[in-house]
Amino acid sequence: MELALIKLGGSLITDKDKPYTARPEVMQRLAREINYIRNQNPNLKLIIGNGAGSFGHQSAKKYNTIEGFISPYEKLGFCLVHQDVLDLNLLLAKILLQTGLPVVSLPPLTMAIAKNKKLLESNFSSVENSLAADLIPLVFGDVVLDKAIGGTILSTDTLLAELAKYFLFQNKYKIILINAGDYPGVRDRNGKVISLITKSNYSEVEAALGLSHSVDVTGGMKKKVEEFLAISSLGIDCWIIDGNISDNLVQAVLGKPTSGTLIREF
Ligand SMILES: Nc1ncnc2c1ncn2[C@@H]1O[C@H](COP(=O)(O)OP(=O)(O)O)[C@@H](O)[C@H]1O
Ligand SMILES: C=C(C)CCOP(=O)(O)OP(=O)(O)O
C-alpha cells in the first residue's frame, strides 16, 4: 500500500509576510488537486499537514513559545498560539471538506509531548485509526506540552517526519513525503534549484540553506532539509516543491515528472 504525507506550507496557504492573512484561493486549488489525486489513485492513503504561516508564527514569536512558559502571560501565550493554529486549520479543513475530501482535524497537542524541545512521546492512534477508516487525517504545526520547559512548538515538518517513520516501521506502506511551499525547491548559492539532495552532496548544498525570510520560529529551509534528509536515509523519498505551480503537487504525488528538489537516500 502507498501512503503520501503532504505538507502544505504556511508559506503557501497564507501570506507569511502579512499577519493573519490566509490564501483561500490557493487552498481551494490545492483541495481540487488533492481530490484529483484521490480519484486517480483510490488506493493511495493520505495524511495532510498544514503549517502555521502568518497565523501561529506571529503569536509564537510574540510569546517566545518555542522556549517554554513560566509566567501566566507566557502560559496564556501558549494557549493563544494554539488558538491561532486552530483558526487557520479550520479555514483549510472547511475548504477541503467543501471539495469532498473526508478530512478530520487532529490536533497534535493531544498526540505528542516534548522534553527540552525534543519529541519525547507520541500517540498516533488517532491518525492510524482515521487512516484505517479511510478518512484523511489533517494535522498541523502546533504547540505541545514539554516536560522540562512547560511547552514548546512542534512543526508540521517534524511531525510528518515522525509519522512517516511510525508508518514505515509497520512495514505496510511505501511512503513518500511532499512539502509544497512558496518557493521553487531548495536553491543553491546561485539561486538555482537543486534537483537532488542526498547524503553525498549535502555538505556542498548546506551553506546555501537558510532561515525563512518571513516571521518563522521553526527553522526555515535548513531545518526542513535536515529533517527530510534524516528520513530519506530510511528509504522515504521527500519532495520540496513549488505549490504555486498548478498540478505540481499532483505530479509529485503520482510519481510523474515534477519540478523541485528530491531528497533521497542515494
Ligand atoms: N537555500 C534555500 N532554498 C530555498 N529557500 C530557502 C533557502 N534558504 C532559505 N530559504 C527560505 O526558507 C523559507 C522556507 O521555509 P519556511 O518559511 O519554513 O517554509 P514553509 O512555511 O513552506 O514550511 C523561504 O522563506 C525561503 O526563502
Ligand atoms: C505554532 C507554530 C508556529 C507551528 C509552526 O508550524 P510549521 O513550522 O509547520 O509552519 P510553517 O513553517 O509551514 O508556516
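These figures come from a predicted structure and were not determined experimentally.

### Here we look at the site of ligand 1
The environment of ligand 1 is made up of 19 residues, and the closest members are Ser11, Tyr183, Ala208, His213 and Lys224. Serine 11 places a polar side-chain atom, nitrogen or oxygen, 2.7 Å from an oxygen atom of ligand 1. Here an oxygen atom of ligand 1 sits 2.7 Å away from a polar atom, N or O, in the side chain of histidine 213. Counting residues per element, the ones that place at least two in the shell around ligand 1 are α1 (10-13) and α8 (220-232). Looking at the shell around ligand 1, the element that brings in the most residues is α8, giving three residues. In the shell around ligand 1, the residues fall into six nonpolar, eight polar and five charged.

### Brief notes about the UniProt feature "binding site: substrate" (unreviewed entry) in the chain
Taking the UniProt record as the reference, the feature "binding site: substrate" (unreviewed entry) is found at Ala52, His57 and Thr156. Maximum C-alpha separation among the annotated residues is 12.3 Å over a sequence range of 105 residues, consistent with a single clustered spot. As for its placement among the helices and strands, alanine 52 is situated in the loop between β2 (45-50) and α3 (53-63). The exposure class assigned to alanine 52 is buried, which follows from its relative accessible area of 11%. Residue contacts for alanine 52: discarding those within four places in its chain leaves Gly10, Thr14, His57, Val85 and Leu88. Checked against the element boundaries, threonine 156 lands in helix α6 (residues 156-168). Other than its neighbours up to four places away in sequence, threonine 156 contacts Lys7, Gly49, Asn50, Gly51, Phe140 and Gly141.

### A few points about the sheet that holds strand β5 (residues 118-122)
The strand order across the open sheet formed by four strands is β5-β4-β7-β8, and the pairing between neighbours is mixed. The open sheet is flanked by β5 and β8 (150-154), the only strands paired with a single partner. Along the sheet, successive strands turn relative to each other by an average axial angle of 45°, direction set aside. Note: strand β4 (residues 112-115) against strand β7 (residues 142-146), two bridges, orientation parallel. From the neighbouring strand, isoleucine 113 faces β7, where its bridge partner is leucine 145.

What counts and how
Residues numbered from 1 in each chain as written. Chains lettered and ligands numbered in written order. Predicted model: local features only at pLDDT ≥ 70, side-chain atom pairs only at ≥ 80, totals over all residues. Heavy atoms only, no water. Near = heavy atom within 4 Å. Polar contact = N/O pair within 3.5 Å; in protein donor to acceptor, adjacent residues only side chain to side chain. Helix = DSSP H or I, 4+ residues; strand = E, 2+ residues; numbered from the N terminus. Nonpolar A, V, L, I, M, F, W, Y, C, P; charged D, E, K, R; others polar. UniProt positions renumbered as here; feature names shortened; annotations may be inferred. Buried < 20%, exposed > 50% of the residue type's maximum accessible area, 1.4 Å probe, protein only. Contact = heavy atoms within 4.5 Å. Pairing = 2+ DSSP bridges. Axes fitted to C-alpha atoms, helices over the stretch in contact; angles between N-to-C directions.

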